Amino acid sequence: MTSSARPLYFDCDTGIDDSLALAYLLASPEIALAGIGTVSGNTSAAQAARNTLGLLALAERTDIPVAVGRHDFLAHAYDGGAPHVHGDDGVGHVALPAPVQEVDAASAAELLIRLSHEHAGALEVVAVGPLTNLATALSLDPTLPERVASVTLMGGAALVPGNISPVAEANIGNDPEAAAAVFAASWPVTVVPLDVTMENVFEDAHRERLLASDSALARTVGAMLDFYMDFYVSAYGRRCSALHDPLAAAIAVGTVTATRAPAVPALVDHSDGPGRGQTIFDLRSQRAGALDHEGANVRVVLATDRPLPDHLADRVAG
């Protein structure tokens, strides 16, 4: 961490790719983790906090506040997560050390608001789970966007299918009401959707590099990836994994650059119909070269300047 490092709040539902994204952020001198909030998604918000605290203990980073967010989503109850993807504990049944710090007394939404005052105008937000905490913070303090420099989120699908329905991606689909509120707020949002995350693939050889690292955190995340890669055999036909959350983290840090990320009108379907959870980006003018729509605050990443996997393995393994 350097004096020029940019303050960043990380909101996550700490499963396996969240853990890899957290390891990446901890290894990135460009940013300073000012706080972490957990939300239900891959696992419950409480379990995600336990996982986060265990990972921070491995990294010997007890200086970062961790706050538990809402257990349930805005319009419906948490449904048990994705144990078939991340394991019953969210981390592929890999043992983590006992936490050496307590969770913050504030909720995740309250922590975000507090940090926005402490780092007014400079705080960057990276959200890689359902957007329940961000929407809750907006309802508690509608002036929050005035103090946040940027929001980068992993979620949605622009031109490709969803992963929990034909049109919906999990983070958005779990709480589309929250996502709609976040999209509608007056802060700059960069959406990193399945269009690009599914194209960045961590191979078993990358996992082996983590397992061979001197870093206990890297080795532990490498062990988690064994479970995650088993799940992705059905998607890719081999043992590997998509880099959903780590790609959003890398784009936020600035080590991967979005080369096609038009700012366009964006909506989230929060009806009860078959389109529930769909992210709708107005890309109709793209063929004519009109990349950005005037006044649009949401950018959707459709291409990046380089693949993430080698860089990710290098930085996390150390």
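Residues numbered from 1 in each chain as written. Predicted model: local features only at pLDDT ≥ 70, side-chain atom pairs only at ≥ 80, totals over all residues. Heavy atoms only, no water.

The chain is annotated in an unreviewed UniProt entry as Nucleoside hydrolase from Microbacterium resistens.

## Some remarks on the overall build of the chain
We apply this condition: In this text, helices come from DSSP runs of H or I with a minimum length of four residues, and strands from runs of E with a minimum of two, each type numbered from the N-terminal end. Using C-alpha atoms as the atom set, the radius of gyration is obtained and then compared with a globule rule of 2.2 Å times the number of residues to the power 0.38. Exposure is judged per residue with a 1.4 Å probe applied to protein chains only, and the accessible area is read against the type maximum: over 50% gives exposed, under 20% gives buried, and values in between give partly exposed. We call two residues in contact when some of their heavy atoms are within 4.5 Å. Every accessible area reported is derived by Shrake-Rupley at a probe size of 1.4 Å, with residue values counting cover from the shown protein chains alone. Here Asp and Glu are counted as negative and Lys and Arg as positive; His is not counted, and neither are the chain ends. The location of each charge is read from NZ of Lys, CZ of Arg, CG of Asp or CD of Glu.
Within the chain, the secondary structure is distributed over twelve helices and 13 strands. Computed over the C-alpha atoms, the radius of gyration of the chain is 18 Å, within 12% of the 20 Å expected from 2.2 N^0.38 for a compact globule of 318 residues. A burial count over the chain gives 58% of its 318 residues as buried. Counting only contacts in the chain whose residues sit at least 6 apart along the sequence, the fraction spanning at least 24 positions is 81%. Counting only carbon and sulfur atoms, one obtains 52% of the accessible surface of the chain, whose full area is about 12,100 Å². Taking the average location of the 18 positive side-chain charges in the chain and that of its 38 negative ones, the two points are 4 Å from each other.

## Regarding the sheet that holds strand E4 (residues 123-127)
Selection rule: Two strands qualify as a pair provided that DSSP identifies no fewer than 2 bridges between them. Axis angles are defined between N-to-C directions and span 0 to 180 degrees, where every axis is a line fitted to C-alpha atoms and, for a helix, only to the segment in contact.
The strand order E3-E2-E1-E4-E5-E6-E12 describes an open sheet built from seven strands, whose pairing is parallel. The sheet terminates laterally at strand E3 (66-68) and strand E12 (298-300), the two strands that pair on one side only. If you compare each strand with its neighbour and ignore which way they point, the axes differ by 20° on average. Sheet analysis places strand E1 (residues 6-12) next to strand E2 (residues 31-38), joined by seven bridges and oriented parallel. The residue bridging Phe10 from the neighbouring strand is Ile36, located in E2. Each of E1, E2, E3, E4 and strand E5 (148-154) touches helix H4 (residues 108-118); the most contacted strand, E2, lies at about 155° to it.

## A word on the packing of aromatic side chains
The line we're drawing: Between rings of Phe, Tyr and Trp, where Trp is taken as its six-membered ring, a pair exists when centres lie within 6.5 Å; planes separated by under 30 degrees are stacked, by over 60 edge-to-face, and by other angles tilted.
Enumeration according to the criterion identifies five aromatic pairs in this entry. Between the aromatic rings of Phe183 and Phe281, the centroid separation amounts to 6.4 Å while the plane-to-plane angle is 35°, which identifies the pairing as tilted. Of the two residues, Phe183 sits in helix H7 (residues 176-184) while Phe281 sits in strand E11 (residues 279-281), which places them 98 residues apart along the sequence. Pair check on accessibility: Phe183 and Phe281 agree, each one buried. Among the aromatic residues, those joined into a cluster by ring pairs are Tyr228, Phe231, Tyr232 and Tyr236.

## A short note on helix H11 (residues 244-253)
Across the ten residues of H11, ten count as buried, placing the element largely inside the fold. Among the residues of H11, those classed as buried are His244, Asp245, Pro246, Leu247, Ala248, Ala249, Ala250, Ile251, Ala252 and Val253. Gly254 lies just past H11 and shows a positive phi near 105°.

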